[in-house]
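Coordinate inspection notes
Here are the chains, one letter per residue:
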Amino acid sequence: MGRAMEAADIAVVALYFVLVLVIGFFAMWKANRSTVGGYFLAGRSMTWVVIGASLFVSNIGSEHFIGLAGSGAASGFAVGAWEFNALLLLQLLGWVFVPVYIHSGVYTMPEYLSKRYGGSRLKVYFALLSILLYIFTKLSVDLYAGALFIQESLGWNLYVSIVLLISMTALLTVTGGLVAVLYTDALQAVLMIGGALTLTIMSLIKVGGLEGVRTKYMQAVPNVTAIVASGNFTYSPSCRIEPKPNSLRMLRGPLDEDIPWPGFLLGQTPASIWYWCADQVIVQRVLAAKNIAHAKCSTLMAGFLKILPMFVIVIPGMISRIMFADEIACVGPEHCMAVCGSQAGCSNIAYPRLVMAVMPVGLRGLMMAVMIAALMSDLDSIFNSASTIFTLDIYQGLRRKASQRELLIVGRLFVVMMVVISIAWVPVIIEMQGGQTYLYIQEVAGYLTPPIAALFLLGVFWKRCNEKGAFWGGMTGFTLGTARLVLAFVYRRPRCDLPDTRPAFIYEVHYMYVAAGLFWISGLVAVLVSLCTAPPDDEQVRTTTVWGLRNVQIPVKDKDEMYRLTETGAGKGDGGLRKELPADVRSGRGLDGAEVRLLVPSTDHDPATPSADTSPATTPAKHLEAGCSDGESSWCMRLLDWFCGYRAESTNAQQSSDKPDMRAVAEMLYEPPRVRLLLNLGLACVCSVGVFMFVFFTL
């Protein structure tokens, strides 16, 4: 493979670990972690810079550096369409969905479905589906991609590396909550962008700039004669080794195997709404904003940052094919197995191979740290968000009178359980063919998430949609999507040197068209069933639709002072909302001594207001308490309380602090005219840039 990591590179990686641990534990020590709001939503005290950076790195995981670069090496510009599409959908989140979520006062997305439609079956279904998607798609792909990079650069044992990375990430998430996640993400965003830009500039210089990429990529064909002569390899003409003729176009014809433009617009875009507007990993970060102005500004910042992956990940992947065509574009299953250990193809090694060839000593360590940053960022996002969903949407549904201590302990224990499942899943990940892993996550999401996107869109925009319509629409889409997913696994794509004997509806119908059908069928069933049954109660739609935002009464006092983006306390979480809270409520402290409070309207059995009483049922938290001693002052219980950030003396006072009236929510939703104008100008600018990028890379 050529050069390997040296002592200086290892030192850079070690320094990175030290920085992340210091920042994470500082956030853990200073932040308010003793309430559900403080742990899961950072007390809603975060500013737009921190949230915007966290949105970016939470999405750009190690599977992007491996998968996006690999797809760029295999098929050119096409995969960049997902990034520019995300740029636009982030603004839909900030301008439409987040105001509704704040107004309805929810912690989690399953909780929103429950408040909007009533009942619990939609909430439980979505919660379980989200957790399964997190564990068996996001975690599996991230772990495979991180392990592949470590193998390429260090040659470490995969199991040891994966266990170490998962354990460190889980430690930060378990102890620090969302505050630690957000602040370590901010560090990782700087590191990730800086390292990736450095590699991009150095590799562009080697190939003659962007114009050199366009010219040389179309000529990047492996030397079949030399490869066949060098080993016991065979070449079949059915194995494509030449770049595709339309590789330099992003959106392609309706029958293209990569991105057919009708399928992308009608199927992939609605399906992506689930990830960007209704997925806990993304939405939880924006809900931690101090107010709606900071929330919108964070989506603008993340939108502009989403321009970068096309230039710092996709194009470097194409450059890697130019420089290593004989390896990246392997000529047959036997050759691919010899190069990268996968019969499906070796495009996934494009990014790590480029790093090891182009970067000098020291900077290779920087890029290793970038990959670790991407992996840990994705993992800590998944751990925190999945534990939030499990604790507040599943566990508390079974134990409605769970105490603050019990909820916090259960959230930590669930993270530990996810670590165990992830490590147990490692052998399965290693057995997966590398060329199919990225396709695996895209197919699973494309078959299972479009119905959920339809339910959220109908819930936010159409007041007439009721629980029966949403449930049967979701179940119809889920049944059809699951059936298609099972067929996709039964009829897998054969090796390139073998004939394709799959049924025509499997290999001729692109999964984006299937996603489009699932989205529109689910929506149609939901509409028809809703119209044939009783409409929802007024209370269900009062705060859970965009139309309810018109009835929010904006308080007059101190509006401009409290919601300036340039306020003196920016970055410290000490916005003006604390002025309206009673003195006994302002007991929780955030970073730099800032008071932090979760602004959620009170509801019956709201996750923010668990009862101090506990039911007689035996729970994991009860087992832990009983296993230490009968007394609250035992060393074991004190250690457990410190680990979970629980403070009994503050929790009693904070029981009522998570129940502000609608005035506090109205203050969060208020935008001064000047701020609103600036934000709308930013919206027009970022959307124009997104559309321009689509046109520039398609024509």
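What you see is a predicted model, and the numbers here were worked out from it, not measured in a lab. (Residues numbered from 1 in each chain as written. Predicted model: local features only at pLDDT ≥ 70, side-chain atom pairs only at ≥ 80, totals over all residues. Heavy atoms only, no water.)

Overview of the overall build of the chain
If you tally the helices and strands in the chain, you get 31 helices and zero strands. Residue burial in the chain is summarised as follows: out of 699 residues, 61% are buried. Partitioning the contacts of the chain with sequence separation of at least 6, the portion at a separation of at least 24 is 85%. Carbon together with sulfur atoms contributes 65% to the accessible area of the chain, which is approximately 25900 Å² in total. (Helix = DSSP H or I, 4+ residues; strand = E, 2+ residues; numbered from the N terminus. Buried < 20%, exposed > 50% of the residue type's maximum accessible area, 1.4 Å probe, protein only. Contact = heavy atoms within 4.5 Å. Areas by Shrake-Rupley, 256 points an atom, 1.4 Å probe, with all protein chains shown as cover.)

With respect to the packing of helix 9 (residues 209–217) against helix 14 (residues 308–323)
At a closest axis distance of 10 Å, the pairing of helix 9 and helix 14 adopts a crossing angle of 50 degrees. Regarding the angle of helix 9 to helix 14, the classification is oblique. Classified by chirality, the crossing of helix 14 by helix 9 is left-handed. Of the residues in helix 14, those touching helix 9 at Leu210, Val213, Lys216 and Tyr217 are Ile315, Met318, Ile319, Arg321 and Ile322. Grouping the constituent residues of the contact of helix 9 with helix 14 by class yields seven nonpolar, no polar and two charged. (Axes fitted to C-alpha atoms, helices over the stretch in contact; angles between N-to-C directions. Parallel < 35°, antiparallel > 145°, perpendicular 65-115°, else oblique. Left-handed = near helix turned anticlockwise from the far one by under 90°. Nonpolar A, V, L, I, M, F, W, Y, C, P; charged D, E, K, R; others polar.)

Some thoughts on helix 30 (residues 662–669)
Counting buried positions over the eight residues of helix 30 gives six, a clear majority of the element. When we look at burial in helix 30, the residues that qualify are Ala664, Val665, Ala666, Glu667, Met668 and Leu669.

Observations concerning empty space enclosed by the protein
Rolled over the atoms, a probe sized like a water molecule indicates the empty space that remains. By the definition in use, this model includes seven cavities of 30 Å³ or more. A volume near 560 Å³ is recorded for the largest cavity. If you go around the largest cavity, you meet 29 residues; those closest to its centre are Asn59, His64, Tyr275, Ile441 and Gln442. If you list the elements that add at least two residues to the lining of the largest cavity, you get helix 3 (48–59), helix 4 (62–75), helix 5 (81–104), helix 7 (121–153), helix 11 (261–278), helix 18 (363–398) and helix 20 (434–448). Considering every element that reaches the lining of the largest cavity, the biggest residue donor is helix 11, with six residues. (1 Å grid on protein atoms, 1.4 Å probe; cavity = no way out; pocket = protein on both sides within 12 Å on 5 of 7 lines; lining within 4 Å. Points joined across faces, edges and corners; volume = space filled by probe spheres on them.)

Overview of the packing of aromatic side chains
What describes a pair of aromatic rings is the distance from one ring centre to the other and the angle between the planes of the rings. Across all of its chains, the model carries 19 aromatic pairs by this definition. Taken together, a centroid distance of 5.3 Å and an interplanar angle of 75 degrees make the contact between Tyr101 and Tyr112 edge-to-face. Residue Tyr101 is located in helix 5, and its partner Tyr112 is located in helix 6 (residues 109–117); the two are separated by eleven residues in the primary sequence. Comparing Tyr101 with Tyr112 shows no difference in burial state: the two are buried. Centroid distance Tyr112 to Phe456: 5.7 Å. Interplanar angle 20 degrees. Geometry classified as stacked. (Phe/Tyr/Trp six-rings, centres within 6.5 Å; stacked < 30°, edge-to-face > 60°.)

Some thoughts on the side chain of Gln91
If you trace the backbone, Gln91 turns up in helix 5. The exposure class assigned to Gln91 is buried, which follows from its relative accessible area of 3%. Non-local contacts of Gln91, meaning those with residues more than four positions away in its chain, are made with Thr299, Leu300, Gly303, Leu683, Val686 and Cys687.

Remarks on the state of the cysteines
Inspection of every chain in the model, using the stated rule, returns one disulfide. One disulfide in the model links Cys330 with Cys336; its S-S distance is 1.9 Å. The S-S bond linking Cys330 to Cys336 shows a torsion near 90 degrees; that makes this disulfide right-handed. (Disulfide = S-S within 2.5 Å.)

Looking at the pattern of salt bridges
What the rule picks out here adds up to 14 salt bridges. Residue Arg121 is joined to Glu467 by a salt bridge in which the shortest nitrogen-to-oxygen separation is 2.6 Å. Of this pair, Arg121 sits in helix 7 while Glu467 is found in helix 22 (residues 467–490), placing the two residues 346 residues apart along the sequence. Taking relative accessible area as the criterion, Arg121 reaches 36% and is therefore assigned partly exposed. Lys296 is the salt-bridge partner of Glu671, the closest N and O atoms lying 2.9 Å from each other. Placement of Glu671 in the loop between helix 30 and helix 31 (673–698) and of Lys296 in helix 13 (residues 292–305) is noted, with a sequence separation of 375 residues between them. Owing to a relative accessible area of 7%, Lys296 belongs among the buried residues under this scheme. One continuous salt-bridge network, built from bridges that share partners, spans Arg240, Lys244, Arg252, Asp256, Glu257 and Asp258. (Salt bridge = Lys/Arg side-chain N within 4 Å of Asp/Glu carboxyl O.)

Focus: the packing of helix 5 against helix 31
Two quantities define a packed helix pair, namely the angle between the axes and the distance from one axis to the other. Contact pair helix 5 / helix 31: the axes reach a minimum separation of 9 Å and the direction vectors enclose 160 degrees. Accordingly, the angle class assigned to the pair helix 5 and helix 31 is roughly antiparallel. Helix-helix and strand crossings are classified by hand; for helix 5 and helix 31 the assignment is left-handed. Mapping the contact onto sequence places Ala81, Phe84, Asn85, Leu87, Leu88, Gln91 and Trp95 in helix 5 and Leu679, Asn680, Leu683, Val686, Cys687, Gly690, Met693, Phe694 and Phe697 in helix 31. Here the residues of the contact of helix 5 with helix 31 are counted per class, giving twelve nonpolar, four polar and no charged.

Things to note about the confidence of the model for the chain
Here the chain averages 77 in pLDDT, and 75% of its residues register 70 or above. Of all secondary-structure elements in the chain, the lowest mean pLDDT belongs to helix 29 (residues 648–654), at 44, while helix 24 (residues 511–532) reaches the highest, 95. A low-confidence stretch, residues 557–627 (pLDDT under 50), is modelled with 193 contacts involving residues beyond four sequence positions or located in other chains. A low-confidence stretch, residues 648–660 stays under pLDDT 50, and its non-local contacts, those more than four residues away or across chains, total 39 contacts. (pLDDT = per-residue confidence, 0-100.)

Details of the nonpolar core
Ranked by internal contacts, the top residues of the largest apolar core, which has 173 residues, are Phe65, Leu93, Phe97, Tyr101, Tyr351 and Phe456. For this core, the element with the highest residue contribution is helix 7, accounting for 17 residues. (Core = buried A, V, L, I, M, F, W, Y, C linked by side-chain atoms within 4.5 Å.)

So, the environment of Met367
Within the secondary structure, Met367 is located in helix 18. On the basis of relative accessibility, which here comes to 0%, the residue Met367 falls in the buried class. Between the C-alpha atom of Met367 and that of Met356, which follows or precedes it by eleven residues, the distance is 9.3 Å. Residues within four places of Met367 in sequence aside, it is in contact with Phe149, Gly195, Ala196, Leu199, Tyr351, Val355 and Met359.

Focus: the environment of Lys306
In this fold, Lys306 is placed in the loop between helix 13 and helix 14. With 220 residues separating them in the primary sequence, Lys306 and Ala86 have C-alpha atoms 7.2 Å apart. Apart from the residues lying within four places of it in its own chain, the contact partners of Lys306 are Phe56, Asn59, Ile60, Glu83, Phe84, Ala86, Leu87, Leu90 and Trp276.

Considerations on the side chain of Ser320
Structurally, the position occupied by Ser320 is in helix 14. Excluding residues within four positions of it along the chain, Ser320 makes contact with Ile328, Ala350, Arg353 and Leu354.

Some details on a nonpolar patch on the surface
Residues Trp261, Leu265, Leu266 and Trp520 make up a contiguous nonpolar surface patch of roughly 460 Å² in combined accessible area. Here the element with the most residues in the nonpolar patch is helix 11; it accounts for three residues. Classification of Trp520 by relative accessible area gives exposed; the value is 52%. (Patch = residues over 30% accessible without salt bridge, like charges linked within 9 Å, V, L, I, M, F, W, Y side chains within 5 Å.)

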